[in-house]
Every structure is written in C-alpha cells, then in structure tokens.
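Chain by chain, the residues run as shown.
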Amino acid sequence: MPTPLYVFDMDDTLIDGDCAMIWSEYLADKGIASDPDFVAQDRLIMSRYASGEMDMEDYLDFAMQPLLTLPTEQVQRLADDCVATRIVPRLFPQAKALIKQLTDERIQMLIISASVSFLVKAVARKIGVAEAMGIDMVIENNHYTTHILGTPSYREGKVTRLHEWLAERPQYVGQVHFFTDSINDLPLCLHADFTYLVNPCTRLIHYAQPQQWPILKWG
C-alpha cells in the first residue's frame, strides 16, 4: 500500500517564528556577530523574504559572515544550543501533536526549509523528524563559506530537492501532504497532492479558496 509523505516548511509553520532570524539574534547575543547593525540588517533583508522578493544568495553572503572563521563543529554546537534554548520552545502545540500522531502511525515526515541545513537538521532532530533538508553551504578547510552547494531549497528549488530526495527513496510512492505559511512555497503547494496553509501570509491566502487548500490556525 502506498505510504503518504508529510512535508513541512519549518519557519512560521512548525515554529512560531523565523529560525534564521532567531539564529541571527542568538549570534549577536553571543558576540559572534559583532556588527552592532547585524540584527537590524538581517530583519531588513528578511522583510523581503516575507514578500517573496529576497535574493537568497545575497542574504546568505550577509548572514554567513560571522561564521566564516569558526570550525564547522563549533558552528554546530552553537546551532544545537540555539535550537534547544530558543527555537524548540516555540514549536506550535498543533505541530507537536501532529508529529507525534504521524510518528505513532509510522508515517514518513520530511522538513524542507530555506534556512541553512545545519540549523534545519538540528531543529528536526530535536522535534522528532528524522528527515530534513535546508540550504547546503560549501565547506572548505572545515569552515563554512558563503557559497551554496547544489540547488537551494527555496521557491522552485524545494520542488527540485523533493524530487531528488524521492528519487533516492523509491519506497515513498504515496501522496504528498505539504504544510506551509509562505508565498515562497507556492511552487511546492501546487506540486503537492494535498496542501495545508498554516497561518498563511496574505499573498498565499489569495490561492487558498480557488485551490481548496485548508487554512489552519496554529498558535
């Protein structure tokens, strides 16, 4: 029998907040992002993401700067601490309940996020989702760079990455259920068999009724 696959966006869908922005604030608080304007600049750039107008390469060129001198192991320790102390406490109760239900029913789950992969995977481990992908960054000499590795899981790239993931796992031939809040995920919304909008942005609400996508109020 075909097994359904439940795919989740992460920021503002499973988590009440944007994990990339929470991460940037964490780096500033820890003194790792030493530029006093770092958080303000991050928020300005991320405001373009909300409207579907952000250039991901430009954002990552900015956002990765504080990490370039740190070994990847140190970055991961910081990410794990940020996730445990600042991100997991913001998991929507409805998301927590759904993840438990799907786990109990042995239904496969996958997080696809436009945040960097080391952060996305740290969140997934903590909330009990075995499979996750984000934007992979090129690593040189055990340090992250500002260069994207492969296709970024952003906009149409999420569909591409999902196809790549499924191609390596032919056992998942069931229908795809996708949860998101963002207009940036419209390509995957249209691609999925079932789409659910979690506290959706205004632009995404526009598509809900014609497509008959349920709107979920989580909080």
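All figures in this text were calculated on a predicted structure; none of them were measured in a lab.

Novice: Can you help me understand unusual backbone geometry in this one?
Specialist: Phi is mostly negative for residues that are not glycine, and the peptide bonds are mostly trans. Positive phi, close to 60 degrees, is recorded for Asp12, a residue that is not glycine. On the secondary structure map, Asp12 appears in the loop between β1 (5-8) and α1 (19-29). A positive phi angle, close to 60 degrees, is found at Gln212, a residue other than glycine. Inspection of the secondary structure assignment puts Gln212 in the loop between α9 (202-211) and β8 (215-216).

Novice: Would you mind going over the nonpolar core with me for this structure?
Specialist: Taken as a class, soluble globular proteins show a tendency for nonpolar side chains to be buried jointly. If you look at the biggest cluster of nonpolar residues, it comprises 60 residues, and the most contacted ones within it are Phe8, Trp23, Tyr59, Ile87, Ile111, Phe118 and Leu119. With seven residues, the single largest contributor to this core is helix α6 (residues 117-127). Other than its neighbours up to four places away in sequence, Phe118 contacts Trp23, Met64, Leu67, Val75, Gln76, Ala79 and Tyr144. Trp165, Val176, Ile183 and Trp213 belong to the second largest nonpolar core, which has 19 residues in total.

Novice: Where do I start with α6 in this structure?
Specialist: The α-helix advances 3.6 residues per turn, and as a result positions three or four apart in sequence lie on the same side. Along α6, eight of the 11 residues are buried, which leaves the element largely enclosed by surrounding structure. Among the residues of α6, those classed as buried are Ser117, Phe118, Leu119, Val120, Ala122, Val123, Ala124 and Ile127. Considering only its buried residues, α6 is in contact with α1, α4 (72-87), α5 (93-104), β2 (108-116), β3 (131-135) and β5 (143-148). In the stretch just after α6, Gly128 is the one whose phi turns positive, near 90 degrees.

Novice: I would appreciate a short explanation of the sheet that holds strand β6 (residues 176-180) in the present structure.
Specialist: The pairing of strands in a sheet happens through backbone hydrogen bonds and is either parallel or antiparallel. Read from one edge of the open sheet, six strands run β3-β2-β1-β6-β7-β8, paired in parallel fashion. The sheet is open, and its two edges are formed by β3 and β8, each paired on a single side. As paired elements, strand β7 (residues 194-198) and β8 share two bridges and run parallel to each other. In the sheet register, Leu197 faces β8, and the bridge partner there is Ile215.

Novice: Got a minute to help me understand the packing of aromatic side chains in this structure?
Specialist: Aromatic ring pairs are reported here in terms of the distance separating the ring centres and the angle at which the planes meet. For the structure shown, the criterion picks out 11 aromatic pairs. When the ring of Trp23 is compared with that of Tyr26, the centres are 5.8 Å apart and the planes differ by 15 degrees; the resulting orientation is stacked. Taken together, the residues Trp23 and Tyr26, both in helix α1 and three residues apart, mark about one turn of the helix. On the basis of relative accessibility, which here comes to 6%, the residue Trp23 falls in the buried class. Of the residues examined, Tyr26 reaches a relative accessible area of 2% and is grouped as buried.

About the criteria used
- Residues numbered from 1 in each chain as written.
- Predicted model: local features only at pLDDT ≥ 70, side-chain atom pairs only at ≥ 80, totals over all residues.
- Heavy atoms only, no water.
- Helix = DSSP H or I, 4+ residues; strand = E, 2+ residues; numbered from the N terminus.
- Core = buried A, V, L, I, M, F, W, Y, C linked by side-chain atoms within 4.5 Å.
- Buried < 20%, exposed > 50% of the residue type's maximum accessible area, 1.4 Å probe, protein only.
- Contact = heavy atoms within 4.5 Å.
- Pairing = 2+ DSSP bridges.
- Phe/Tyr/Trp six-rings, centres within 6.5 Å; stacked < 30°, edge-to-face > 60°.

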